[in-house]
Amino acid sequence: PLKVYRNFLEILIRELDWWIERYSLGDRRLLSIYLGGGTPSLIPPEFVGFLISEVKRRFHGEPMEITLEANPEDLDYLKALNYRALGITRLSIGVQTFSLFGLRLLGRRYSPEEALRAIWSALESGLKVNIDLIYGYPFQEMENLLKDLEIASNLPIHHISIYELEEEGSRLTTWNLERDQELIEEMSLKIYQVLKETDFRRYEISNYARDGNQSVHNLGYWLYEDWIGLGPSAVSKITLDEEVIRYKVPPNLRYYLSEHLRVLEEEKRVGEFLSPSEVLWEKLVMGLRLVEGIPLERFSSWEVSLLSLALEPLIRAGKLLLSGGRLRVRGDLIDTLHLLLLEIEERISEILER
C-alpha cells in the first residue's frame, strides 16, 4: 500500500507542476489547501505532510487554512495530533447524522458514538472542526433532524455544513422512494430557526460558523476565486486574461495513474473556456448564496451594466438588496434562492437576446 500511496502522490505533484508551467501560475498567492474528495484520512499522515509541503513551496504566501476531510472511523486522538503537527488547521468530519438508523440507511459503517469520539479527538488535539450533516433522507422525521441539531450545536465545534440529500449518484436512487418535499422545505426553514438561537451564524445557504470561523476554502468557491483540483474527478477553475477555463479530471483511478499525465502533456487545449454570459451567471449564482452577498467589484464593467438592467425591478421590489457595494438576497428569500434565480435567469436571457 505504501508504494501505491507514493506513486499516487508523485502523480498529483506532477499534475500540479503541469498546471503551474502551462499557465504560469507560480506567482499566485496560496490562500488555502483542501484535502478531500473521498477518504484522505486513509492516507498515512507522513504522505499527507509530504503533499502539503510540496504544494506550499510552489506558491507565494502561507495558506490561511489547510483542511482535511476525515471519516469518523479513521480518526483518533494521535492521528489528529499528527495532522496538527503537519500544519493542518481544520478537520472536516463527515458525520452526516447522529442517528444510527440514518447512518445505516446512508451506507455509513460507524456509529453515532464513534462519530462523537472522532469529533472530541480532533477538538482535544487543538484543531478547528467542521462537521457535515445531511437532512431529507428517506424516513427521516423532523424530530430526528432536531436531535441532530441539538447534539451539533452543543458541541464546541467551529462550523456546521448541512445539506439536503442529493439522491443522484447515491445508493438510494435504486430504491425509488417518494420523498416528502413539503417536509424537506419545513426542515430547511427549521435548520435556520434552530441554529439562529445558538451562537452559530449562517454565512451561506448551507453553512454556519461560530466566532468568524467561516471556511476560507469554501468562501473561495462562492466568491469565484480560482482553484486547482488534483486527482480523479477533481475540477479546476482558472482565470487567464479575463477568460475562465474549467477542467475536470476523468474519474477513473486506473486511467489517472497510467494515462492522465501523458494525455495532459499531449493536449493543446485542456478543458472548456466559459463564455462571458456563463461566467456572469456562475458568479451570480455562487455569490448570491452568501448571506452578505457578492461585492460588485467582482464583476467587470459590462457585467455591472447588464445586471443593472436585469436586476433593477427586483431591487426596486426589495427582493434583492444593493448596499455597501454588495448585491445580496433579502434574508427571508435565501432559502428559496432557486426560485429567485429562475426569475433572474429569465430577465438576463431577455436582455441578451435583444
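Residues numbered from 1 in each chain as written. Predicted model: local features only at pLDDT ≥ 70, side-chain atom pairs only at ≥ 80, totals over all residues. Heavy atoms only, no water.

Draft legend 1. Quick peek at the pattern of salt bridges. Inspection of every chain in the model, using the stated rule, returns 20 salt bridges. One network of salt bridges, with partners in common, ties together D17, E54, R57 and R58. (Salt bridge = Lys/Arg side-chain N within 4 Å of Asp/Glu carboxyl O.)

Draft legend 2. Inspection of the packing of helix α11 (residues 276-287) against helix α13 (residues 337-353) at higher detail. In contact at an axis separation of 12 Å, α11 and α13 are set at 155° when each is read in the N-to-C sense. When the axes of α11 and α13 are compared, the pair comes out roughly antiparallel. Where α11 crosses over α13, the handedness of that crossing is right-handed. Touching S277, W281, L284 and V285 of α11 are L341, I344, E345, I348 and L352, all from α13. In terms of residue class, the contact of α11 with α13 is made up of seven nonpolar, one polar and one charged. (Axes fitted to C-alpha atoms, helices over the stretch in contact; angles between N-to-C directions. Helix = DSSP H or I, 4+ residues; strand = E, 2+ residues; numbered from the N terminus. Parallel < 35°, antiparallel > 145°, perpendicular 65-115°, else oblique. Left-handed = near helix turned anticlockwise from the far one by under 90°. Contact = heavy atoms within 4.5 Å. Nonpolar A, V, L, I, M, F, W, Y, C, P; charged D, E, K, R; others polar.)

Draft legend 3. Layout of the side chain of S161. Within the secondary structure layout, S161 lies in strand β5 (residues 159-164). In terms of polar contacts, S161 uses its side chain to reach the side chain of N207, at 2.5 Å. Apart from residues lying up to four places away in sequence, S161 is in contact with I131, D132, L133, S206 and N207. (Polar contact = N/O pair within 3.5 Å; in protein donor to acceptor, adjacent residues only side chain to side chain.)

Draft legend 4. Broad picture of the nonpolar core. Within the largest apolar cluster, 68 residues are counted, with the highest numbers of intra-cluster contacts made by I119 and I131. Of all the elements, helix α1 (residues 2-23) adds the most residues to this core, at nine residues. Once residues within four sequence positions are removed from consideration, I119 is found in contact with I93, V95, F98, V129, I131, L155 and I157. Formed by 22 residues, the second largest nonpolar core is a distinct cluster that contains L311, L314, V329 and L340. (Core = buried A, V, L, I, M, F, W, Y, C linked by side-chain atoms within 4.5 Å. Buried < 20%, exposed > 50% of the residue type's maximum accessible area, 1.4 Å probe, protein only.)

Draft legend 5. Expanded view of the side chain of E204. Note on placement: E204 falls in strand β6 (residues 200-204). Relative accessible area serves as the criterion here: at 0%, E204 is assigned to the buried category. Within the local environment of E204, its side chain forms a polar contact with the backbone nitrogen of S206, the two atoms lying 2.8 Å apart. Looking at E204, its side chain comes within polar contact range of the side chain of N207, at 2.7 Å. In contact with E204, not counting residues within four places along its chain, are W222, R289, L290 and V291.

Draft legend 6. How the structure looks around the layout of surface pockets. In this model, the second largest pocket occupies a volume close to 350 Å³. Lining the second largest pocket we find 17 residues, and of these E242, V244, V279, K283 and E303 sit closest to its centre. Contributing elements (two or more residues each) for the lining of the second largest pocket: β8 (235-240), β9 (243-248), α11 and α12 (301-316). For the lining of the second largest pocket, a count of residues per class yields seven nonpolar, three polar and seven charged. (1 Å grid on protein atoms, 1.4 Å probe; cavity = no way out; pocket = protein on both sides within 12 Å on 5 of 7 lines; lining within 4 Å. Points joined across faces, edges and corners; volume = space filled by probe spheres on them.)

Draft legend 7. Looking closely at helix α3 (residues 77-85). For α3, every residue scored as buried is listed here: K79, A80 and Y83. One side of α3 carries all its buried residues, which in axial view fall inside an arc of 100°. Away from its buried face, by an angle of more than 90 degrees, α3 presents the exposed residues L78 and A85. Here the buried face of α3 lies against α2 (45-56), β2 (65-70), β3 (90-96) and α5 (112-124). Positive backbone phi, approximately 100°, marks G87, located one or two places after α3. (Arc of directions from axis to C-beta.)

Draft legend 8. Molecular detail of the sheet that holds strand β11 (residues 294-295). With respect to topology, three strands assemble into an open sheet ordered β11-β13-β12, the strand pairing being antiparallel. The open sheet has two free edges, formed respectively by β11 and β12 (320-323), since each of these has just one partner strand. Strand direction decides the pairing type here: β12 and strand β13 (residues 326-329), joined by four bridges, are antiparallel. What sits directly across from L320, in β13, is V329. Against the sheet, α12 makes contact with β12 and β13, and its axis sits at roughly 100° relative to β12, the strand it touches most. (Pairing = 2+ DSSP bridges.)

Draft legend 9. Spotlight on the packing of aromatic side chains. Across all of its chains, the model carries nine aromatic pairs by this definition. When the centroid spacing of 6.1 Å and the interplanar angle of 90° are considered together, the rings of W18 and Y23 count as edge-to-face. Of the two residues, W18 and Y23, neither departs from the other in class, the shared state being buried. Put simply, the rings of W18, W19, Y23 and Y247 pair up and form one aromatic cluster. (Phe/Tyr/Trp six-rings, centres within 6.5 Å; stacked < 30°, edge-to-face > 60°.)

Draft legend 10. Just the pairing of strand β4 (residues 128-135), in detail. Across the eight residues that make up β4, a large majority, seven, are buried. Of the strand pairs in this sheet, β3 and β4 are connected by five bridges, and their pairing is parallel. Bridged to L91 within β4 is V129. Alignment of β4 against β5, held across six bridges, turns out to be parallel.

Draft legend 11. Summary view of a negative patch on the surface. A surface patch of negative charge is lined by E141, E143, D180, E182, E185 and E186. Ranked by the residues each element gives to the negative patch, the list is headed by helix α7 (residues 181-196), at three residues. Counting through the fold element by element, E143 comes out in helix α6 (residues 142-153). For E143, a relative accessible area of 63% gives the class exposed. (Patch = residues over 30% accessible without salt bridge, like charges linked within 9 Å, V, L, I, M, F, W, Y side chains within 5 Å. Areas by Shrake-Rupley, 256 points an atom, 1.4 Å probe, with all protein chains shown as cover. Lys, Arg positive; Asp, Glu negative; His and termini not counted. Charge placed at Lys NZ, Arg CZ, Asp CG, Glu CD.)

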